[in-house]
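So you can see what is in the structure, the chains are spelled out below.
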Amino acid sequence: MTTTVRPETQEVGTTFARGEPPVAAVADRGRGRRPRLKSVESRAAEQRAGRTVHLGAGVLALSVLADSALEHYRGSFHNKAMFAPLVSSTLSLATNAPAAFGARAPLPVLDAVQGAAAVTGAAGLGFHAYNISKRPSGLSWLNLFYAAPIGAPFALALSGFFGRCAVRLARDSKTLFGWPAGRFLAATVAGGLLGTAGEAGLLHFRGAYHDPFMVLPVTVPPVAAGLLGAAALKPSPGLRKAARVSLMATAALGVAGVGFHLFGVSRNMGGFRNLSQNLLNGPPVPAPPSFLGLAAIGLAALALMDANDE
Amino acid sequence: MPESDDPLVTPRATGGRAPDVFRPGGWTPMRCYPENDEVDFAIVGSGAGGGTLACKLAEYGFSVVALDAGPYWRPLEDFASDEREQAKLYWTDERIVDGENPLQLGPNNSGKSVGGSTVHFAMVSLRFRPEWFKSRTTLGYGADWPLDWREMWDYYREVEEALTISGPVNYPWGPKRPRYPYRPHELNAPALVLAQGCEALGIAWTPTPIATVSAPRGQSPPCVYRGMCVIGCSTNAKQSVLVTWLPRALKAGAEIRDLAMVGRVEHDDAGRVTGVHYHREGRWRFQKAKNVVVAGYAIETPRLLLNSASGKFPHGLANSSGLVGKNLMVQANQAVWGLMDREIRSYKAPPSLALTEHWNYCDDGKDFFGGYAYMSQGPLPVVWSGVLASKRGLWGEPLLDQMENYNHQVGLKMVGEFMPQERNRVTLAEERDQYGLSVARVTYSWCDNDRRMIRHALGFMRQALEAVKARDIFDEANDTCHLNGTARMGDDPATSVVDADCRTWDIPNLWICDGSVFPTVGGVNPSLTIQAIACRTADRIRAMARRGEL
Amino acid sequence: MSDRYPGYDVLAKRDTPSWNDQTRRVVERRLAIDPDAHAFFDEAQWATLRAVCESIVPQPKDRACPAPLAAMVDAKLKANEGDGYRDARLPRQDEAWPLGLRAIEAEAQTRFSAPFHELDGARRDEILRDLHEDRPRSDAWGGMSPKLFFETLLLHDIVGAYYAHPHAWNEIGYGGPASPRGYVRLNTDRRDPWEAAEAKPGRAEEARRENARVG
């Protein structure tokens, strides 16, 4: 493959909204450096990172779709608003998935769908908080365990948020909301990992950590979050490498978690023969892949940090 | 061994093996002791007292044979989802009840199974209020226990761990206790109603600490919320003695003999017990033992001691105080019921998922001694129809109409501390049972304190239901639960039957380890306390053995 | 009696995870009871018992196979199944029941000069009400309290038999057998798809459709 050095012009990123200033000028802000000449490899890496963010957001959306469908079905859709996350996550998935493979919907559409997901997720947090507070004993361990799960809509909000980040990266792979793209993404993924680990930790606490493997989602992802956060603060190849490894472990955990949860379902009375109860009562099978989605975005963040030389 | 057996007819724990309750058709090896071998301990009854003690003593290296009149159930295969069928769990042999307030026995309080009444109990696992161990001295009624609550606090912990109690993260009353091993269960609708009522009245409530698991534990799956706890748990989520202490006991070398009705405890001329006569597989047999523990619960224990009367002990064994059979205490189990507009469907999940112990710890404004807790309820159809028919007096169309409101019914049921009264007692009746043994006569009358407590509780629970807008509220004014007191513990042989170590004063190698030993009954379900006492007794026995005092 | 749970049938769940083998055996045995079989009571007592059962639990006339309450009570007494305790004021159940039924017959003769089972519903109810309130008119009771017999044996056994029958479970919308599958939705106003759907006012068809799906 030949490497052609091209000056940074409108060609950086194949599409962007009409009327936007050239990316180079935008990238200049806050960095105080002259625009660098980019290699094709570097641009390819950026595009890959962008697509990976779409992929991660899509995995989050899929996890939310399946999880909210199961849980809201269990909740009998007693409030019609409970259909919203299913619709929103489906749209989010439908737009993130093709984008992950390079076939993007028009950016405004993508942006709108992702924005809606973020808003729906945020609204969900409100609904869930209300559901918890209106029960006897309000904000209590009992209701945190059994009322609407406090952190679950967070995953939808994250899916929407990261989807929007991916859209912005398509226009400008250097900055996100004014911050260096890679480091911003890393910091937000770290936050996302901590929140998701917290939710898993809460529900594993409800399960009394009866199985030693249940400590994995409250140890591996927080470590990854810590390393990712540190890598966001301090440019160091060593930290990035450690973060990369821990993120891959987190991704693996996201997959293994499905297996563990299926095992948990089988351990209930009647096992898979009693699926109409056990799929709903047992550990939520669609939940662990949210770690996979976040880990993918975290890896993309690291790639961006390298590609953008942050 | 017969291939297809009826556990009610053919003993299962024979020939070196006992049922493995966790594996359908499975067996676990069991050490068998020849009858002529003088085992260290022959324990009569394998329930909360006897089963726990059998486990602990076997684990401490003693040779133990536990004999139970009941069958050795395999819950996964034997337990049907049907009230009428499951009456097989209860003590249905003849007993006579009289007094001013004759007791209702059977499903209320008397099991006949290996694992005792814990096979059908509602799993509510509560600690005594510390002051109750010194009721007389600290609260001015009843009698003091010769036990220190701080010591019992540790034993409660041991039992809670052994039963993997699922309980709240923080318990609202009493001194600090360690966190329950598992988390509480989700509240069902009747429990939510209790909670709302308590909040409306400004008192604390809690998810009930309960002996069924909220997450997998060993081979027990988590509770499936089928709501049939008191007719037998068919999933083994319920942590009865049958699925907790007894498998451990077998592993530690204890022998369990099912369908073994002990009819008489034998003693020698020196006045020491020598073993037990028991009926099994069609004939009477004798097991030699260095020590005998009677753990048949508060009716069968005094009945056996009285039936073991002899020339040397004409008033029955261990009865120099004259108190064997006396001071029978049940607990008030009155309830208030109402109808909600919303669907409650109380048949789902364990009956008592929420409770309040407010009136156990608060003494303000009480015109009675003692305390009571109250909890949510979930009666199954036959039991509920009995409440509406026999207690509320409905029959014909009015009964059918009211029963149709089943899914809207909600209730609050108390567990209240009745006072010890010597006139409440177990004696021997003229009638004889199928083994030729004198049948028990159970005499019970409420005292004024009992009545005042009931009035207070019915009034308060009614308020709690009114506060949540229940309608058609009515009182279930006559119901009792549990059995205690008929071989009370004390520090004076003149006023008690056993000492703090559950050893009878009269006969040094005769012990009593069940609910009979309670001097007072408290306002909480007794099972946790019975098991804690058994754990303590095992420790004391081990200490005594080491010092050569056995 | 209204149709609160139209179309709901616990038996529809027979082959679902809500029932297990031992439950199927037990319920099938109960459903196979011959309603005319009586091995304990004599013919006269049997006739009285059947009439008493009709009054205590008036099952719908159009029910194809009414719950065999009299046969269930008879079988219980033949097997001497009890709750394990007897009020000292009552004779044993195998004496109390025949005595009670003969005394009810005597009440009918004393009041209306006709056998109990030939009386109309209102007159039967009148007799039973009087017994429930301890106002016998015949001295056939001997020392046995009619009220005590009525509450602790008659009502207890007949009503208990009815609510052990799937017909009754359907009437009251009870979930029925539940093992290994129990329940998921425990909250107020929530039902699992395998539970009975209650007909809300004016929306019976909706409930019927739901109940047709129960399984």
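Okay, the overall build of chain A next. Helix and strand counts for chain A come out as 11 helices and 2 strands. Across chain A, every contact between residues at least 6 apart in sequence was considered, and the portion connecting residues at least 24 apart equals 73%.

All names here are of chain B. If you walk through the whole model with that rule in mind, you get 42 aromatic pairs over all chains. Residues tyrosine 171 and tryptophan 173 carry aromatic rings whose centres are separated by 5.6 Å and whose planes lie at 75° to one another, so their mutual orientation is edge-to-face. Tyrosine 171 gets classed as buried once you look at its relative accessible area, which sits at 14%. By relative accessible area, which is 9% here, tryptophan 173 ends up buried. Between the aromatic rings of phenylalanine 418 and tryptophan 446, the centroid separation amounts to 5.9 Å while the plane-to-plane angle is 50°, which identifies the pairing as tilted. Taken together, the residues span a long stretch of sequence, with phenylalanine 418 in the loop between β15 (409-417) and β16 (425-432) and tryptophan 446 in the loop between β17 (438-443) and α11 (448-467) at a distance of 28 residues. Accessibility expressed as a relative area gives 9% for tryptophan 446, which makes it buried. Between the NZ or CZ atom of arginine 127 and the centre of the ring of tryptophan 153, over which it lies, the distance is 4.7 Å. In this arrangement the basic side chain of arginine 542 is found over the ring face of tyrosine 60, its NZ or CZ atom lying 3.8 Å from the centre.

Here we come to unusual backbone geometry. Backbone torsion omega between serine 179 of chain C and proline 180 of chain C reads 0°, so that peptide bond is classified as cis. Along the polypeptide, proline 180 of chain C turns up in the loop between α7 (166-172) and α8 (204-212). Positive phi outside glycine occurs at alanine 318 of chain B, with the angle close to 60°. Looking at the element boundaries, alanine 318 of chain B is found in the loop between α7 (297-307) and β11 (329-332). Alanine 318 of chain B sits in the buried class, given a relative accessible area of 2%. Of note, the phi angle at aspartate 134 of chain C is positive, near 65°, even though the residue is not glycine. With respect to the helices and strands, aspartate 134 of chain C occurs in the loop between α5 (121-132) and α6 (146-162). Residue classification places aspartate 134 of chain C among the partly exposed positions, given a relative accessible area of 37%.

Another aspect to go through is the pattern of salt bridges. Applying the stated criterion to the full structure yields 71 salt bridges over all chains. Note that aspartate 148 of chain B is salt-bridged to arginine 150 of chain B, the shortest N-O span being 3.1 Å. Across the salt bridge formed by arginine 135 of chain C and glutamate 133 of chain C, the nearest N and O atoms sit 2.9 Å from each other. Given a relative accessible area of 43%, arginine 135 of chain C falls into the partly exposed group. You can call glutamate 133 of chain C partly exposed: its relative accessible area is 42%. Through salt bridges that share partners, Glu343, Arg345 and Lys348 of chain B together with Arg4, Glu195, Glu198 and Lys200 of chain C make up one connected network.

Each partner contributes residues to the interface: chain C has 65 residues there, and chain B has 64 residues. Of all residues in chain C, Tyr85, Tyr163 and Leu186 of chain C bury the most surface against chain B, accounting for 14% of the area lost on that side. At the junction of chain C and chain B, the tally comes to 7 salt bridges. For arginine 345 of chain B, the salt bridge identified is with glutamate 195 of chain C, shortest N-O distance 3.8 Å. Scanning the region where chain C abuts chain B turns up 31 residue pairs in polar contact (both at pLDDT 80 or more). Counting only elements with at least two residues in the side of chain C that touches chain B, the list comes to α1 (21-31), α2 (43-56), α3 (69-78), β1 (86-87), α5, α6 and α7 of chain C. Considering each element in turn, the side of chain C that touches chain B owes the most residues, 8 residues, to α6 of chain C. The pairing of strand β5 (residues 96-98) of chain B with β1 of chain C spans 2 bridges and is parallel. Each residue of the ladder has a partner; that of valine 97 of chain B, found in β1 of chain C, is aspartate 87 of chain C.

Now for the interface of chain C and chain A. At the junction of the two partners, chain C supplies 12 residues and chain A supplies 14 residues. Contact with chain A buries area across many residues of chain C, yet Pro180, Val184 and Arg185 of chain C alone supply 50% of it, more than any other trio. Counting across the chain C and chain A interface gives 0 salt bridges. Taken together, chain C and chain A are joined by 8 residue pairs in polar contact (both at pLDDT 80 or more). Along the lines of polarity and charge, the residues of the side of chain C that touches chain A split into 6 nonpolar, 2 polar and 4 charged.

Criteria and thresholds
Residues numbered from 1 in each chain as written. Chains lettered and ligands numbered in written order. Predicted model: local features only at pLDDT ≥ 70, side-chain atom pairs only at ≥ 80, totals over all residues. Heavy atoms only, no water. Helix = DSSP H or I, 4+ residues; strand = E, 2+ residues; numbered from the N terminus. Contact = heavy atoms within 4.5 Å. Phe/Tyr/Trp six-rings, centres within 6.5 Å; stacked < 30°, edge-to-face > 60°. Buried < 20%, exposed > 50% of the residue type's maximum accessible area, 1.4 Å probe, protein only. Lys NZ or Arg CZ within 6 Å of the ring centre and 35° of its normal. Salt bridge = Lys/Arg side-chain N within 4 Å of Asp/Glu carboxyl O. Buried area = accessible area lost by both parts, 1.4 Å probe. Polar contact = N/O pair within 3.5 Å; in protein donor to acceptor, adjacent residues only side chain to side chain. Pairing = 2+ DSSP bridges. Nonpolar A, V, L, I, M, F, W, Y, C, P; charged D, E, K, R; others polar.

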